[in-house]
Amino acid sequence: MIRARVTVTLKEGVLDPQGKAIEGALSTLGFAGVGEVRQGKVFDIELDGDDRKKATGELNAMCEKLLANTVIEDFAVELL
């Protein structure tokens, strides 16, 4: 079995209203010195088999087809 972590984040230059809301809330809660906050998604995925190269290809395809909106989001695949 192969375990992987996929991280999806907004591309630079794409507005992140949820990140701005979190940034404001942290300031309101008294956390000083917080700069820009960008919000994203993390997926932990388990795949059958032990072919890491094949798994990486499948994970990239999953991201391109479903997990990430590649117009506005970047993704990174990490095999654990």
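Refer to the structure above for everything that follows.
The rules behind each value
Residues numbered from 1 in each chain as written. Predicted model: local features only at pLDDT ≥ 70, side-chain atom pairs only at ≥ 80, totals over all residues. Heavy atoms only, no water. Core = buried A, V, L, I, M, F, W, Y, C linked by side-chain atoms within 4.5 Å. Buried < 20%, exposed > 50% of the residue type's maximum accessible area, 1.4 Å probe, protein only. Helix = DSSP H or I, 4+ residues; strand = E, 2+ residues; numbered from the N terminus. Contact = heavy atoms within 4.5 Å. Pairing = 2+ DSSP bridges. Axes fitted to C-alpha atoms, helices over the stretch in contact; angles between N-to-C directions. Patch = residues over 30% accessible without salt bridge, like charges linked within 9 Å, V, L, I, M, F, W, Y side chains within 5 Å. Areas by Shrake-Rupley, 256 points an atom, 1.4 Å probe, with all protein chains shown as cover. Salt bridge = Lys/Arg side-chain N within 4 Å of Asp/Glu carboxyl O.

J.: Could you give an account of the nonpolar core, naming the residues involved and the relevant values?
T.: Grouped together as the largest cluster of nonpolar side chains are eleven residues: Ile2, Ala4, Val6, Val8, Ile45, Leu47, Ala55, Leu59, Cys63, Leu67 and Ala68. Secondary-structure elements contributing two or more residues to this core are strand E1 (2–10), strand E2 (40–47) and helix H2 (52–67). Contact partners of Ala68, with chain neighbours within four places excluded, come to Val8, Cys63, Glu73 and Phe75.

J.: Let's hear about the sheet that holds strand E3 (residues 73–79): which residues, and what values?
T.: Ordered in space as E2-E1-E3, the three strands form an open sheet in which the pairing is antiparallel. A strand with exactly one partner marks an edge of an open sheet, and here the two such strands are E2 and E3. Adjacent strand axes in the sheet meet at a mean angle of 20° when their direction is disregarded. Looking at chain direction, E1 and E3 are connected through seven bridges and run antiparallel. Counted as the bridge partner of Thr7 is Ala76 from E3.

J.: Explain a nonpolar patch on the surface to me, and be specific about the residues and the numbers.
T.: A grouping of Leu29, Phe31 and Val34 is seen on the molecular surface, where their side chains present a nonpolar patch of about 320 Å² in accessible area. On the secondary structure map, Phe31 appears in the loop between helix H1 (17–28) and E2.

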